[in-house]
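Structural characterization, general
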Amino acid sequence: MDVQTDSKIETPTLGSADIMRILAALPHRYPFLMVDKIVEIDGDKSAIGVKNVSANEPHFQGHFPDNPVMPGVLILEGMAQTAGTICLLGRPDDGPPSLVYFMTIDKAKFRKPVVPGDVLEYHMTQMSKRRNMWWFRGEAKVDGQLVAEAEVGAMIAREAQK
(Lines give C-alpha, C1' and ligand atoms only; values in the text may rest on other atoms or scores of the structure.)
Protein backbone atom coordinates (compact mmCIF):
# COMPACT_ATOMS: atom_id res chain seq x y z
CA MET A 1 0.00 0.00 0.00
CA ASP A 2 1.54 3.29 -1.11
CA VAL A 3 0.62 6.65 0.38
CA GLN A 4 0.91 9.88 -1.65
CA THR A 5 2.41 12.69 0.47
CA ASP A 6 3.63 16.04 -0.93
CA SER A 7 4.49 14.50 -4.32
CA LYS A 8 6.53 11.74 -2.61
CA ILE A 9 5.39 8.16 -2.33
CA GLU A 10 5.93 6.60 1.09
CA THR A 11 5.85 2.86 1.49
CA PRO A 12 5.03 1.75 5.03
CA THR A 13 7.63 -0.44 6.69
CA LEU A 14 6.26 -3.77 7.85
CA GLY A 15 7.81 -5.46 10.84
CA SER A 16 8.47 -9.07 11.72
CA ALA A 17 9.00 -11.22 14.80
CA ASP A 18 11.34 -14.16 14.99
CA ILE A 19 10.87 -17.00 17.46
CA MET A 20 12.75 -15.15 20.23
CA ARG A 21 10.39 -12.14 20.04
CA ILE A 22 7.38 -14.47 20.04
CA LEU A 23 8.70 -16.33 23.10
CA ALA A 24 9.28 -12.99 24.86
CA ALA A 25 5.68 -11.91 24.17
CA LEU A 26 3.73 -15.14 24.73
CA PRO A 27 3.74 -17.53 27.69
CA HIS A 28 3.29 -20.55 25.36
CA ARG A 29 6.10 -23.07 24.94
CA TYR A 30 6.62 -26.28 23.01
CA PRO A 31 4.59 -28.35 22.37
CA PHE A 32 1.82 -25.73 22.51
CA LEU A 33 3.51 -22.90 20.61
CA MET A 34 1.77 -22.92 17.22
CA VAL A 35 3.65 -20.14 15.42
CA ASP A 36 7.35 -20.10 14.44
CA LYS A 37 7.65 -16.56 13.11
CA ILE A 38 5.49 -13.60 12.19
CA VAL A 39 6.02 -11.55 9.04
CA GLU A 40 4.46 -8.45 7.57
CA ILE A 41 3.38 -7.01 10.94
CA ASP A 42 1.44 -3.76 10.54
CA GLY A 43 1.16 -2.66 14.19
CA ASP A 44 -1.83 -4.44 15.71
CA LYS A 45 -3.76 -4.16 12.43
CA SER A 46 -2.53 -7.24 10.56
CA ALA A 47 0.20 -9.85 10.31
CA ILE A 48 1.05 -13.22 8.84
CA GLY A 49 2.16 -15.95 11.24
CA VAL A 50 4.08 -18.95 9.93
CA LYS A 51 4.05 -22.51 11.31
CA ASN A 52 6.26 -25.21 9.82
CA VAL A 53 4.25 -28.37 10.35
CA SER A 54 6.56 -31.24 11.32
CA ALA A 55 5.84 -34.97 11.45
CA ASN A 56 7.47 -35.27 14.89
CA GLU A 57 4.91 -33.05 16.66
CA PRO A 58 3.24 -34.95 19.51
CA HIS A 59 -0.38 -34.54 18.34
CA PHE A 60 0.36 -36.61 15.22
CA GLN A 61 0.96 -39.71 17.38
CA GLY A 62 -2.78 -39.94 17.98
CA HIS A 63 -4.31 -37.68 15.29
CA PHE A 64 -4.05 -39.96 13.30
CA PRO A 65 -1.18 -42.49 13.40
CA ASP A 66 -1.55 -43.75 9.82
CA ASN A 67 -2.91 -40.50 8.37
CA PRO A 68 -1.47 -37.52 10.29
CA VAL A 69 -3.74 -34.45 10.19
CA MET A 70 -3.16 -31.31 12.24
CA PRO A 71 -6.10 -30.83 14.64
CA GLY A 72 -8.31 -27.91 13.67
CA VAL A 73 -8.28 -26.54 17.20
CA LEU A 74 -4.48 -26.16 16.95
CA ILE A 75 -4.87 -24.20 13.70
CA LEU A 76 -7.27 -21.87 15.54
CA GLU A 77 -4.78 -21.61 18.41
CA GLY A 78 -2.07 -20.60 15.92
CA MET A 79 -4.35 -17.86 14.61
CA ALA A 80 -4.97 -16.63 18.15
CA GLN A 81 -1.25 -16.76 19.03
CA THR A 82 -0.39 -14.71 15.94
CA ALA A 83 -3.01 -12.09 16.79
CA GLY A 84 -2.06 -12.08 20.47
CA THR A 85 1.61 -11.59 19.69
CA ILE A 86 1.04 -8.48 17.61
CA CYS A 87 -1.28 -7.07 20.29
CA LEU A 88 1.39 -7.58 22.95
CA LEU A 89 4.25 -6.31 20.80
CA GLY A 90 2.32 -3.09 20.20
CA ARG A 91 1.64 -2.33 23.87
CA PRO A 92 3.61 0.27 25.79
CA ASP A 93 6.32 -1.32 27.90
CA ASP A 94 5.10 -0.01 31.23
CA GLY A 95 4.33 -2.00 34.33
CA PRO A 96 4.12 -5.75 34.81
CA PRO A 97 3.90 -8.11 31.83
CA SER A 98 0.57 -8.69 30.15
CA LEU A 99 -1.16 -11.88 29.07
CA VAL A 100 -3.54 -12.39 26.16
CA TYR A 101 -6.65 -14.44 26.83
CA PHE A 102 -8.70 -16.06 24.06
CA MET A 103 -12.31 -14.79 24.40
CA THR A 104 -14.26 -15.90 21.34
CA ILE A 105 -14.14 -18.09 18.25
CA ASP A 106 -16.79 -17.45 15.62
CA LYS A 107 -17.45 -18.60 12.08
CA ALA A 108 -14.74 -21.27 12.16
CA LYS A 109 -14.56 -23.39 9.01
CA PHE A 110 -12.07 -26.02 7.94
CA ARG A 111 -11.54 -26.46 4.21
CA LYS A 112 -8.57 -28.83 3.75
CA PRO A 113 -6.42 -31.02 5.99
CA VAL A 114 -3.04 -29.69 7.12
CA VAL A 115 -0.38 -32.40 7.13
CA PRO A 116 3.31 -32.77 8.04
CA GLY A 117 5.54 -30.92 5.60
CA ASP A 118 3.04 -28.08 5.08
CA VAL A 119 3.99 -24.47 5.75
CA LEU A 120 0.90 -23.03 7.40
CA GLU A 121 0.32 -19.27 7.20
CA TYR A 122 -2.06 -17.45 9.54
CA HIS A 123 -3.28 -14.26 7.82
CA MET A 124 -4.75 -12.15 10.62
CA THR A 125 -6.55 -8.82 10.13
CA GLN A 126 -7.97 -6.69 12.92
CA MET A 127 -11.75 -6.25 12.68
CA SER A 128 -12.19 -4.03 15.73
CA LYS A 129 -10.62 -2.97 19.00
CA ARG A 130 -12.12 -1.66 22.22
CA ARG A 131 -9.98 -0.82 25.25
CA ASN A 132 -8.05 -4.02 26.02
CA MET A 133 -10.03 -6.24 23.60
CA TRP A 134 -9.34 -7.10 19.97
CA TRP A 135 -11.25 -9.03 17.30
CA PHE A 136 -9.47 -10.49 14.27
CA ARG A 137 -10.47 -12.27 11.10
CA GLY A 138 -8.09 -15.08 10.29
CA GLU A 139 -7.41 -17.17 7.23
CA ALA A 140 -5.05 -20.14 7.41
CA LYS A 141 -3.39 -20.96 4.10
CA VAL A 142 -1.04 -23.60 2.72
CA ASP A 143 0.60 -22.83 -0.63
CA GLY A 144 -1.85 -19.94 -1.06
CA GLN A 145 -4.90 -22.19 -0.63
CA LEU A 146 -7.40 -21.50 2.14
CA VAL A 147 -7.43 -24.40 4.63
CA ALA A 148 -9.30 -22.78 7.54
CA GLU A 149 -10.88 -19.50 8.58
CA ALA A 150 -12.33 -17.98 11.73
CA GLU A 151 -12.99 -14.82 13.68
CA VAL A 152 -11.23 -14.71 17.05
CA GLY A 153 -11.46 -12.33 19.99
CA ALA A 154 -8.91 -11.75 22.72
CA MET A 155 -8.26 -9.50 25.66
CA ILE A 156 -5.07 -8.32 27.31
CA ALA A 157 -4.88 -8.50 31.09
CA ARG A 158 -2.06 -7.70 33.46
CA GLU A 159 -0.35 -10.81 34.79
CA ALA A 160 -1.52 -11.63 38.29
CA GLN A 161 1.00 -10.80 41.00
CA LYS A 162 2.34 -13.93 42.72
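Quick note: structure is the one above.
A brief report on the enclosed structure follows. Numbering of residues begins from 1 in every chain and follows the order in which that chain's sequence is written. It should be noted that, the model being predicted, local features are given only for residues of pLDDT at least 70 and side-chain atom pairs only at 80 or more, the latter also being counted only at that level, while totals for whole chains, interfaces and linings use all residues. With hydrogens and water stripped out, all remaining heavy atoms of the structure feed into the side-chain values.

1. A few points about the environment of K112
Cut-off, in case you're wondering: Helix and strand assignments follow DSSP, with helices taken as H or I runs no shorter than four residues and strands as E runs no shorter than two, numbered in order from the N terminus. Working definition: with a 1.4 Å probe on protein chains only, accessible area under 20% of the residue-type maximum means buried, over 50% means exposed, and in between means partly exposed. Here, residues are in contact when the closest pair of their heavy atoms is within 4.5 Å.
Positionally, K112 belongs in the loop between strand 6 (98-110) and strand 7 (119-130). When its relative accessible area of 42% is taken as the criterion, K112 is described as partly exposed. Once you skip the residues sitting within four places of it in the chain, K112 turns out to touch Q145 and V147.

2. Digging into the pattern of salt bridges
Quick reminder of the rule: We define a salt bridge as a side-chain nitrogen of Lys or Arg found within 4 Å of a carboxyl oxygen belonging to Asp or Glu.
Under the criterion given, the structure shown has 8 salt bridges. Here E151 makes a salt bridge to K107, at a shortest N to O gap of 3.8 Å. Here E151, found in strand 9 (residues 145-158), pairs with K107, found in strand 6; they are 44 residues apart in sequence, far enough to count as distant. Between E139 and R137 there is a salt bridge, and its shortest N-O distance comes to 3.5 Å. On the accessibility criterion, E139 (24% relative accessible area) is partly exposed. Residue class for R137 comes out partly exposed when judged on its relative accessible area of 29%. Through salt bridges with shared partners, one network takes in R111, R137, E139, K141 and E149.

3. Re the sheet that holds strand 5 (residues 46-52)
Stated formally: Strand pairing is assigned whenever DSSP identifies at least 2 bridges connecting the two strands. Axis geometry follows a simple rule: fit a line to the C-alpha atoms, using only the stretch in contact for helices, then measure angles between N-to-C directions, giving values from 0 to 180 degrees.
One open sheet accounts for 7 strands, arranged 3-4-5-7-8-9-6; its pairing is antiparallel. Strands at the two margins of the open sheet, each flanked by one partner only, are strand 3 (15-17) and strand 6. Ignoring strand direction, the axes of neighbouring strands in this sheet form an average angle of 25°. The pairing of strand 7 with strand 8 (residues 133-142) spans 10 bridges and is classified as antiparallel. When the sheet's bridge partners are listed, E121 is paired in strand 8 with K141.

Bear in mind that shape data such as this cannot, by itself, settle questions of function.
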